[in-house]
Protein chains: 2
Amino acid sequence: MERFAADPNAPLAEFLCFSVYSAGHAFNRLYRPLLDELALTYPQYLVMQLLWSKDGRSVKEFGQALRLESSTLTPLLKRLQASGLIERKRDADDERVVRVHLTEKGHALRGQAADVPGCIAKAIGLESDELAKLARTLDNLRDRITVESENLADTT
Amino acid sequence: MERFAADPNAPLAEFLCFSVYSAGHAFNRLYRPLLDELALTYPQYLVMQLLWSKDGRSVKEFGQALRLESSTLTPLLKRLQASGLIERKRDADDERVVRVHLTEKGHALRGQAADVPGCIAKAIGLESDELAKLARTLDNLRDRITVESENLADTT
DNA sequence: TACGATTAAATCGTGTACGATATATAAAAC
DNA sequence: GTTTTATATATCGTACACGATTTAATCGTA
């Protein structure tokens, strides 16, 4: 392997990686108390969002949209099925494909989830312009989210 | 729970969350082939970095630096101990505290890891100025990382 | 049309991550 | 000085997340 240790940007790059890593955890902790009320995890919530926008997606489509492998999605979808929110059926035209459909209960959950995006937006507390800039410093964002996350947890 | 669904930033906020979430995965996939050569995971690598900069840290200090809980760190540190890279000892002055020290092997790994930051910096491909702006769009960053990650995996 | 190659999911093993809880030690309060 | 409180790790159960591999179905092409 080549050596790039002399690159002066090397430490900054690693700081950025850690910022993303820890910001991800912070977001997860922010979502958790909201999604607990829906008995969903964050990845499950993402799957439900996709289904609410378009029903009958294949496992592959979820993988492309969420950048996840079938080894992650298959167990996740089975858990959503066990919760009674979705059904999984082999495609009649192509038996390799598994298509996911919302149940009554899955449709009904949509109303309950309507609050979530607004709560997140409020917790993040950014204007549309700033969102487009994607948070000038992820570290500051992470800290703010952590505080908001704790506040949300307190009032729940 | 209050309703904020009318907030026009709500969808943007959720997009940002997903950007961070998926960028985190992308970084992980970028690091994996590099860290495989060291037989480390990314969180284990972070712990080693902290130890290389200052030995004898407590579990709590790792938790504060990495924003992780003891329920995450304890098993992780036990695995590093099982690999022979670190030792865990109760602090003599305060028996509640567990302090972590590098072994010979742990010290030696530092040299092997010297390449990693430069490889990451190169893969991300940003100047110092841009790093300070923290990637104007995390989605673009994620895509670039994914490509670089695949390239790295090919040549390994 | 047969058969090798490709594709879509599923399975398996390992390693995070967390909240809730437990345990042991130390500090504080009385 | 004992009892309460706080602190530092550890344990447990659940759920991602991945790479490697497997299985089954479809496609390509000779």
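How each quantity is defined
- Residues numbered from 1 in each chain as written.
- Chains lettered and ligands numbered in written order.
- Predicted model: local features only at pLDDT ≥ 70, side-chain atom pairs only at ≥ 80, totals over all residues.
- Heavy atoms only, no water.
- Helix = DSSP H or I, 4+ residues; strand = E, 2+ residues; numbered from the N terminus.
- Expected span 1.5 Å × (residues − 1).
- Buried < 20%, exposed > 50% of the residue type's maximum accessible area, 1.4 Å probe, protein only.
- Arc of directions from axis to C-beta.
- Contact = heavy atoms within 4.5 Å.
- Near = heavy atom within 4 Å.
- Polar contact = N/O pair within 3.5 Å; in protein donor to acceptor, adjacent residues only side chain to side chain.
- Nonpolar A, V, L, I, M, F, W, Y, C, P; charged D, E, K, R; others polar.
- Phe/Tyr/Trp six-rings, centres within 6.5 Å; stacked < 30°, edge-to-face > 60°.
- Salt bridge = Lys/Arg side-chain N within 4 Å of Asp/Glu carboxyl O.
- Pairing = 2+ DSSP bridges.
- pLDDT = per-residue confidence, 0-100.

Engineer: Explanation requested: helix 4 (residues 70-82) of chain A in the structure shown.
Structural biologist: Along an α-helix, a turn takes 3.6 residues, which lines up residues three or four apart on a common side. Residue and element names in this part refer to chain A. A rise of 1.5 Å per residue sets the reference length of helix 4, with its 13 residues, at 18 Å; its end C-alpha atoms lie 18 Å apart and thus fit the reference within 8%. Among the residues of helix 4, those classed as buried are Leu73, Leu76, Leu77 and Leu80. Along the long axis of helix 4, the arc covered by the buried residues comes to 100 degrees, so they all point the same way. Those residues of helix 4 that are exposed and aimed more than 90 degrees away from the buried face are Ser71 and Ala82. Residues of helix 4 that are buried sit in contact with helix 2 (42-53), helix 3 (59-66), strand 2 (86-90) and strand 3 (98-102). A positive backbone phi angle near 85 degrees is found at Gly84, which sits one or two residues after helix 4.

Engineer: Would you mind going over the protein's contact with DNA strand C with me for this structure?
Structural biologist: Around DNA strand C sit 30 residues, and of these Tyr21, Arg29 and Lys78 of chain A together with Thr41 and Gln44 of chain B come closest. For DNA strand C, the backbone portion of the atoms within 4 Å of the protein, that is sugar and phosphate, comes to 75%. Taking Val59 of chain A, its main chain carries an N or O atom lying 3.3 Å from a phosphate oxygen of DNA strand C. One of the side-chain N or O atoms of Arg96 of chain A is found 3.2 Å from a base oxygen in DNA strand C. Secondary structure elements with two or more residues in the surface near DNA strand C: helix 1 (10-36), helix 3, helix 4 and strand 2 of chain A together with helix 2 (42-53) and helix 4 (70-82) of chain B. Split into classes, the residues belonging to the surface near DNA strand C amount to seven nonpolar, nine polar and 14 charged.

Engineer: For this particular structure, what's the right way to read the packing of aromatic side chains?
Structural biologist: All chains considered together, the criterion is met by nine aromatic pairs over all chains. The structure contains a cluster of three or more aromatic residues connected by ring pairs, namely Phe18 and Tyr21 of chain A together with Tyr31, Tyr42 and Tyr45 of chain B.

Engineer: So what exactly am I meant to see when it comes to the pattern of salt bridges here?
Structural biologist: Side chains carrying opposite charge are able to pair once their charged atoms draw close together. Residues and elements named next belong to chain A. A full pass over the atoms with the stated rule returns ten salt bridges over all chains. One salt bridge in this structure joins Arg99 and Glu61, with 3.4 Å as the shortest N-O distance. Remark: Glu61 occurs in helix 3 and Arg99 occurs in strand 3; sequence separation between them is 38 residues. With relative accessibility at 27%, the residue Arg99 sits in the partly exposed group. We classify Glu61 as partly exposed; its relative accessible area is 24%. Lys89 is the salt-bridge partner of Glu87, the closest N and O atoms lying 3.7 Å from each other.

Engineer: Would you mind going over the protein's contact with DNA strand D with me for this structure?
Structural biologist: For DNA strand D, the set of nearby residues contains 30 residues, the closest of which are Thr41 of chain A together with Tyr21, Arg29, Lys78 and Arg88 of chain B. The sugar-phosphate portion of DNA strand D accounts for 74% of its atoms within 4 Å of the protein, the bases making up the rest. In this structure, Thr74 of chain B approaches DNA strand D through a side-chain N or O atom, which is 2.7 Å from a phosphate oxygen. For the surface near DNA strand D, the elements supplying multiple residues, two or more each, are helix 2 and helix 4 of chain A together with helix 1 (10-36), helix 3 (59-66), helix 4 and strand 2 (86-90) of chain B. Of the residues contributing to the surface near DNA strand D, the split by class is seven nonpolar, nine polar and 14 charged.

Engineer: Mind showing me how you'd approach the sheet that holds strand 1 (residues 57-58) of chain A here?
Structural biologist: Strand pairing in a sheet relies on backbone hydrogen bonds. The paired strands run either parallel or antiparallel. All names here are of chain A. Strand order in the open sheet formed by three strands is 1-3-2, and the pairing between neighbours is antiparallel. Of all the strands in the sheet, the pair left with one neighbour each is strand 1 and strand 2. Where strand 1 meets strand 3, two bridges bridge the pair, whose relative direction is antiparallel. Directly across from Arg57, in strand 3, lies its bridge partner Val100.

Engineer: Help me out: how do you make sense of the confidence of the model for chain A in this one?
Structural biologist: The predicted coordinates should not be examined in detail at positions where pLDDT is low. Residue and element names in this part refer to chain A. In the predicted model, chain A carries a mean pLDDT of 79, and 72% of its residues have values of at least 70. This model gives residues 1-5 a pLDDT under 50, and the stretch forms 15 contacts once residues within four places in sequence are excluded. Low confidence marks residues 135-156, where pLDDT is under 50. Its contacts with residues over four positions away, or in another chain, come to 40 contacts.

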